[in-house]
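Architecture and fold: a report
Okay, here's what each chain looks like letter by letter:
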Amino acid sequence: GTEILIRASGLAGLVKIEVRDSGIGIISEDQKYVFERFFRSKQVQRKYPGMGIGLYVSSQIIKSHHGAIWVESEPGHGTCVCFTIPRLEKM
């Protein structure tokens, strides 16, 4: 139910994408698990439906493209899921 901001930028041969919301945030103890299959934090399970596979599938796609994905979050201040993938060179 919050606004989603998407930002793209270039970094030394990489493309960086940031997807940011201003929702409930993710506690630090749960941040290391958000990319695991079927993981859903207790605070999310009570409020929002889902299977806990979206970030897992996203991380697998990004890794298959030789990229990296991470989360930045603070409870009560939203979450930013960021990833980088190599920039394709023109042929």
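What comes next is a walk through the structure.

Quick look at the sheet that holds strand E2 (residues 14–20)
Spatial strand order, E1-E2-E4-E3: four strands in an open sheet with antiparallel pairing. Only two strands of the sheet have a single partner each, and these edge strands are strand E1 (5–11) and strand E3 (68–73). For this sheet, the mean inter-axis angle between neighbouring strands, taken without regard to orientation, is 15 degrees. Of the strand pairs in this sheet, E1 and E2 are connected by seven bridges, and their pairing is antiparallel. Paired with Arg7 across the two strands is Glu18, which belongs to E2. The strands touched by helix H3 (residues 54–64) within the sheet are E3 and strand E4 (79–86), with E4 carrying the most contacts at an inclination of about 20 degrees.

The rules we used
- Residues numbered from 1 in each chain as written.
- Predicted model: local features only at pLDDT ≥ 70, side-chain atom pairs only at ≥ 80, totals over all residues.
- Heavy atoms only, no water.
- Pairing = 2+ DSSP bridges.
- Helix = DSSP H or I, 4+ residues; strand = E, 2+ residues; numbered from the N terminus.
- Axes fitted to C-alpha atoms, helices over the stretch in contact; angles between N-to-C directions.
- Contact = heavy atoms within 4.5 Å.

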